[in-house]
Amino acid sequence: MTLMGGPNKFIADKKDDDAPAAKNTAAPSSIYAAHQKIYPKEAHGTFRNVKWAVTAVTLAIYYILPWIRWNRGPSLPDQALLFDFANQRLLIGPIEIWAQEFYYVTGVLVLSALALFLVTAVAGRMWCGYACPQTVWTDLMIAVERFWQGDRNARMRLDQSSWTFEKLWKKSATHLSWMMIAIATGGAFVFYFQDAPTLARELISGTASPVAYTFLGIFTLTTYLLGGMAREQVCIYMCPWPRIQGAMLDHDSLFISYREARGEPRGSHKREQSWEGRGDCVDCKACVSVCPTGIDIRDGAQLACIQCALCIDACDEIMDRVGRPRGLIAYTTMANLDTASVEPRSGWRIVRPRTILYSALIAAVGGLMLWSLLNRADTIVSVAPDRNPLFVTLSNGGLRNGYTVKITNKTETAKSFRISATGVPGAKLQFVEFEGQDPVIDIKPSEVRAVKFFLSIGPGERKELKGDSTPILVTVRDMSTGRETSRATTFSGPGS
Amino acid sequence: MASHKRIDEVTGAETTGHVWDGDLTELNKPLPRWWLYTFYACIVWAFGYWIVYPAWPTFNGYTKGWFGYSQRDQVAKDAAAAKAAQDKYRTAIAAMPIAEVKKNPELFEFARDGGAAIFGDNCAPCHGRGAQGAVGYPNLNDDDWLWGGDLESIETTITHGARSGDPKTHDTAMPRFGLDKILEPAQINDVANYVRSLSHLDVDAAAASRGSAIFADNCAACHGADAKGNTEIGAPNLTDAIWLYGNSQQAVVHSIETGRGGMMPAWGGRLDPVSIKMVTLYVHSLGGGKPEPKKEEGESEHKDEPHEAPK
């Protein structure tokens, strides 16, 4: 058996195995399967409309966001959201985040993850079903495909037919449209990293940087491949989230389920036929044909289900037609299914230890970030004492320590600072680059400057020191605002 | 047909047919074939590296590849670019006296940073990575200098070394008072006591007072009557708190017996003059650098007020 087998080959092998002389009945079938193309049928209903709305909103945010302007004065870009990699900073409205403050971005990621946990614990895979870019773009690509090639049955027929002119132009039109969407997607992505209007002119005139074109190309290709071609394969085979979410869901999380208790035994139903002694499921397979991942929701909760709710719309439509109540497939919880409850959403327990924990974590992380954001200074000061040598004995028997003060001026104006040190009485300051004990240190806008200074004491003061390490305070004073920033460090000596 | 398929009873799915520990089986959940094709495509792509990049050794070299890429060339190019970027500073430093370099903040910063790298490569093995020195190897952070601590003196010492054999090196040396039997062991003990008393160390007072006269006769010529030393001839100040070979009675006695006479290589032939200027500025900036001596003719109008170490 070869790796290239696939299902058909597998069947052929099994036929061979049927022969009495079969050598190895335990031979595995192929470990690779041909892709079963899925032809999702168009759904109509509440959830379909919600999904269209979410798609429209998310796409609008994605395309419009980089074009929103924010006036930051003459020296800074006026793009509201700009990942300014060239200058190692992130501009979000009034907030400017430097590379060394990247923990804010980490914080946002932590918050996003916690929010995803909370939403999943409460309402299941809402992200997968509605807001994930893969879902949004796949939805868009399928809509385009449907526009050119028709709905499920028409597309299946077209794929089975031989290559006629009609098939050729329909397929070409589909792929061309996909490619245009892909280019627009990749194109919008690069606008987040450079001034959008400038970059747009450059992209069109062919003068943008190769980096911009490269990323535009990469995102065009991935959008075309993942959204147009791979679709549900990304969710089923590539995405880690379906595996992780098993740990997030519990008996009280909302998820979409077929109500077996009400639906079974299933079977086709003729008009005028009694509903006594049978389930409500008429086995029409409407839920299967609309499913974008090609599963049967009636098999229960499964990894491939992205909880897009289109099967609810499909089933409700059928239930209306056959005159049975809606909600044979509906959002429910495991707890409800266990009690065989027929009412959808009866007793949806949202407040649980798990959701309380996630909410508390979100509040804690969010509060901490907000607090630190409100209290952050436009000057960053750090002080590092020399480690090698820790201290120097002077010829008069005194001691000297060296320090490097790094001052970051995050504002867009030049600033002047003065440095002082307290904690060791009688200590004298001495600067490598400046004269005198109290020089004025000028720092240009958006610049970091390292200032080296020494702190020396005489032999008399040395005797006053206790132990080998004395706490001191280095204070940097902003001369324009008077704001003082102090950092604790130590003055080292040999000890007694 | 069904009899040969291994079906898992619980799921109804087919198994791979493998059995472990008697009853463990694995469901057959085939990966999609596009995955397999992607894997093959990656293998083909990998062959591309053989073609476009250097890959195979040959009898007289190696296959160069279509792109003609070479990491050596890349390094050479980067090094040349870095050198070109430094040239502007180095040319400027070469053209001016070392004291002038210090007055130019941009050149001073370049010199200190470059000097730190040069120091790490050349000087750190003896003087230590932080220039903190060791017994016999001077600490360059402090304000005590054997051969002078102003910029020009440091530059001279680095260029010509100490007792290095260089024609212009500092080649004065202390006599071997013990080994050459210039002084008796008891005299050496006395003078060691005296010298240590100058630094207010605990000494045998009687021996120290005997040693005073011996010092005047034998040591004062170089170290000075006040024992404050002389940087012209590399005679250390014996009254301060810094002792290159240690301040114990034993160590001082040993210094007098043997004369010590540590040496430092001349770097003039190994480092270019600009590099020596840079490393000089670095060493001078470590905290103990001394101001330039006042020029006699009064031609130096504007003296850079030094950051002198406190006394």
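Right above here is the structure, for reference.
Residues numbered from 1 in each chain as written. Chains lettered and ligands numbered in written order. Predicted model: local features only at pLDDT ≥ 70, side-chain atom pairs only at ≥ 80, totals over all residues. Heavy atoms only, no water.

Asks: Give me the lowdown on the packing of aromatic side chains, citing residues and values where you can.
Replies: A full pass over the atoms with the stated rule returns 29 aromatic pairs over all chains. Centroid distance F47(B) to W50(B): 4.9 Å. Interplanar angle 90°. Geometry classified as edge-to-face. Of the two residues, F47(B) and W50(B) are both situated in helix α1 (residues 33-52); the distance of three residues between them amounts to about one turn of the helix. With 4.7 Å between their ring centres and 20° between their planes, Y89(B) and F110(B) make a pair best called stacked. Separated by 21 residues along the polypeptide, Y89(B) in helix α2 (residues 71-95) and F110(B) in helix α4 (residues 105-122) bring together distant segments of the chain. With respect to class, Y89(B) is no different from F110(B); both count as buried. Feature note: the residues F83(A), F85(A), F189(A), F193(A) and F219(A) constitute an aromatic cluster, connected by ring pairs. Sitting above the plane of the Y62(B) ring, K64(B) keeps its charged end 4.3 Å from the centroid. (Phe/Tyr/Trp six-rings, centres within 6.5 Å; stacked < 30°, edge-to-face > 60°. Helix = DSSP H or I, 4+ residues; strand = E, 2+ residues; numbered from the N terminus. Buried < 20%, exposed > 50% of the residue type's maximum accessible area, 1.4 Å probe, protein only. Lys NZ or Arg CZ within 6 Å of the ring centre and 35° of its normal.)

Asks: Any chance you could break down the pattern of salt bridges for me, citing the residues and the numbers?
Replies: Residue and element names in this part refer to chain A. Applying the stated criterion across every chain, the model contains 35 salt bridges over all chains. Across the pair K285 and D283 runs a salt bridge whose closest N-O atoms are separated by 3.7 Å. The class of K285 is partly exposed, set by a relative accessible area of 44%. For D283, a relative accessible area of 29% gives the class partly exposed. A salt bridge links R298 to D296; the shortest N-O distance between them is 3.0 Å. With a relative accessible area of 16%, D296 lands in the buried category. When salt bridges that share partners are traced, they join E145, R146, D151, R155 and R231 into one network. (Salt bridge = Lys/Arg side-chain N within 4 Å of Asp/Glu carboxyl O.)

Asks: Talk me through the sheet that holds strand β15 (residues 484-492) of chain A; I want residue IDs and the actual numbers.
Replies: All names here are of chain A. The sheet built from four strands is open, its strands ordered β12-β10-β14-β15 with antiparallel pairing. Both edges of this open sheet fall to β12 (441-443) and β15, since each of them pairs with a single strand only. Direction aside, neighbouring strands of the sheet carry axes that sit 30° apart on average. Bridge count for strand β10 (residues 415-422) against β12 is three bridges, and the pairing is antiparallel. Residue F417 lies in a different strand from β12, and its bridge partner there is I441. (Pairing = 2+ DSSP bridges. Axes fitted to C-alpha atoms, helices over the stretch in contact; angles between N-to-C directions.)

Asks: Residues and numbers for the pairing of β10(A), please.
Replies: Here six bridges tie β10(A) to strand β14 (residues 469-478) of chain A, and the two strands are oriented antiparallel to one another. The partner of I419(A) across the bridge, within β14(A), is V476(A).

Asks: Which residues make up the pairing of β14(A), and what are the values?
Replies: Residue and element names in this part refer to chain A. Relative to β15, β14 runs antiparallel, the two sharing nine bridges. Paired with I472 across the strands is T489, a residue of β15. Taking the residues that link successive antiparallel strands as the turn, the β14-β15 hairpin has five residues, and the phi of G482 there is positive, at about 80°.

Asks: Describe helix α7 (residues 185-198) of chain B, with residues and values.
Replies: Residue and element names in this part refer to chain B. Between the first and last C-alpha of α7 there are 20 Å, a value that for 14 residues agrees with the 20 Å anticipated at 1.5 Å per step. Turning to α7, its buried residues are I188, D190, V191, A192, N193, Y194, V195 and R196. Lining the buried residues of α7 we find α8 (205-218) and α10 (249-258). Looking one or two residues beyond α7, the residue adopting positive phi is H200, at roughly 60°. (Expected span 1.5 Å × (residues − 1). Contact = heavy atoms within 4.5 Å.)

Fair warning: the whole summary comes from geometry, so function is off the table for now.
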